[in-house]
Amino acid sequence: DLAKSNNYFRQVISTNQYSQVVLMSLLAGEDIGLETHPDVDQILIFVAGQGSAVLNGVTSQITAGDLVVVPAGTEHNFINQGDGEMKLYTVYAPAEHRDGTIHKTKAEALADTEDHQ
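Small disclaimer: the values here were computed from a predicted structure and weren't measured.

K.L.:
Help me understand the packing of aromatic side chains, please; the structure alone is not making it clear to me.
P.N.:
The description of two aromatic rings rests on the distance between their centres and on the angle between their planes. Per the counting criterion, the structure on display carries one aromatic pair. The interplanar angle of 45 degrees and the centroid separation of 5.7 Å between the aromatic rings of F46 and F78 together place this pair among those described as tilted. Separated by 32 residues along the polypeptide, F46 in strand β3 (residues 41-48) and F78 in strand β7 (residues 76-80) bring together distant segments of the chain. Note on accessibility: F46 and F78 belong to one class, buried.

This is the structure:
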């Protein structure tokens, strides 16, 4: 329910010693952005919308109810190809973002990333 009601691009809701839970919402046509986490495993659970997952250059379709596992070191991107928002929650192990992070938009997330490199 939290993931379905989230309208922010990224919202960290729980950070623990070995993992983190983050809500995400992608606008129609928006993507997470091609990335690789060298030392972080990621599990994504899609609760609304449809689109594609790209893992190490291999594309597959995703929809609500799908779960995708992204092992550390895997180049990945997720693209909303529907007309509405794509909603999901993701688990990072270990944590990837600062506790309490909220990025209302993808542009805000990108600016924050550039500020902390």
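Next comes the rest of the description.
K.L.:
Even after reading the chapter, I still don't get the pattern of salt bridges, so can you show me in this structure?
P.N.:
Inspection of every chain in the model, using the stated rule, returns three salt bridges. A salt bridge links D31 to K106; its shortest N-O distance comes to 2.4 Å. A residue pair is termed long-range when its members are at least 10 positions apart, and D31 in the loop between β2 (20-26) and β3 and K106 in helix α2 (residues 106-115) qualify at 75 residues.

Parameters at a glance
Residues numbered from 1 in each chain as written. Predicted model: local features only at pLDDT ≥ 70, side-chain atom pairs only at ≥ 80, totals over all residues. Heavy atoms only, no water. Phe/Tyr/Trp six-rings, centres within 6.5 Å; stacked < 30°, edge-to-face > 60°. Helix = DSSP H or I, 4+ residues; strand = E, 2+ residues; numbered from the N terminus. Buried < 20%, exposed > 50% of the residue type's maximum accessible area, 1.4 Å probe, protein only. Salt bridge = Lys/Arg side-chain N within 4 Å of Asp/Glu carboxyl O.

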